[in-house]
Amino acid sequence: MTGRLEGKTAVVTAAGQGMGRATVLAFLREGARVWATDIDAAKLDSLHDHAGVTLRKLDVLNAQEIQSFSSEIDAPDILFNCAGFVHNGSILECDEDAFDFSVNLNIRAMYRMIRAFLPGMIARGGGSIVNMASVASTVIAAPNRFIYGTTKAAVVGLTKSVALDYVTKGIRANAICPGTVESPSLQDRMRALGDYDEARASFVARQPMGRLGTAEEVADLVVYLASNESAFMTGNAIVIDGGWANA
């Protein structure tokens, strides 16, 4: 059976773990050829034996690295901007350095990736851009997520702007807004709060379904947005949060 992404090429950032890694594997199952990138090359090692994947160390905070990467490969059919960072704290707990880091990783890196690959996508007749936002953005607010929610709201705005400006060029851009998803980075954040069990119970409690999401569930949504099945969709911020935003 032919996969939904047969013959397509994808670029994925933050592909070494969590939702990025799960999406790489989902793309491969659907027949895509995938450039899996991450700042930590060691995290990409587990993908090494999968047919159809090319591993690439990439620091998305480095504009020169992004430009060099985009000039070395053909324009992809799919760009999944997954790299991001969750800062814990209110506005009074977010100093200038923390503000700048979150803006640079959560917004500026995405801006640079799209600017680098968009001309080639247009030249080849179109493509699908999927950006990682969050339900904690324009959808709802979350406690102690000041700069995270601010930057993820900006991702939604960025996505809608790209979608509108290039809809006649065959470009589709959509954002996904996950709730709390089981991932290595979430595990690290729960441990950092001091009482892991209490932190985990708190994260689960805010999900009306009574559980955390999985990276694979998010990856399935990314596949849909990358595929021709969603050909009439662009400029959307799609919530996948276990009902959190409706609670």
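Definitions and cut-offs
Residues numbered from 1 in each chain as written. Predicted model: local features only at pLDDT ≥ 70, side-chain atom pairs only at ≥ 80, totals over all residues. Heavy atoms only, no water. Buried < 20%, exposed > 50% of the residue type's maximum accessible area, 1.4 Å probe, protein only. Helix = DSSP H or I, 4+ residues; strand = E, 2+ residues; numbered from the N terminus. Pairing = 2+ DSSP bridges. Right-handed = clockwise from strand over helix to strand, strands pointing away.

Another point: the pairing of strand S5 (residues 127–132). Among the six residues of S5, six are classified as buried, and the element is accordingly described as predominantly covered. Across the two faces of S5 the burial is the same, with Gly-127, Ile-129 and Asn-131 and Ser-128, Val-130 and Met-132 all buried. Pairing of strand S4 (residues 78–81) with S5 involves four bridges; the strand directions are parallel. Following the sheet pairing, Leu-79 is matched in S5 by Ile-129. Regarding topology, helix H3 (residues 96–123) serves as the crossover connection from S4 to the parallel S5, and that connection is right-handed. Here S5 pairs with strand S6 (residues 171–178) via six bridges, running parallel. Bridging from a neighbouring strand, Asn-131 pairs with Ala-175 of S6. Once the chain exits S5 it traverses helix H4 (residues 146–165) before rejoining the sheet at S6, and the crossover so formed is right-handed.

Take the environment of Thr-159 next. One can find Thr-159 in helix H4. Given the relative accessible area of 1%, Thr-159 is considered buried. In this structure, the C-alpha to C-alpha distance between Thr-159 and Asn-131, residues 28 residues apart in sequence, is 7.1 Å.

A few words on unusual backbone geometry. Phi is mostly negative for residues that are not glycine, and the peptide bonds are mostly trans. Positioned with a positive phi, Ala-14 is a non-glycine residue whose angle comes to about 50 degrees. The residue Ala-14 is located in the loop between strand S1 (9–12) and helix H1 (18–29) in this model. Overall, Ala-14 belongs to the partly exposed group, its relative accessible area being 23%.

Spatial relationships are all this shows, so hold off on functional conclusions.
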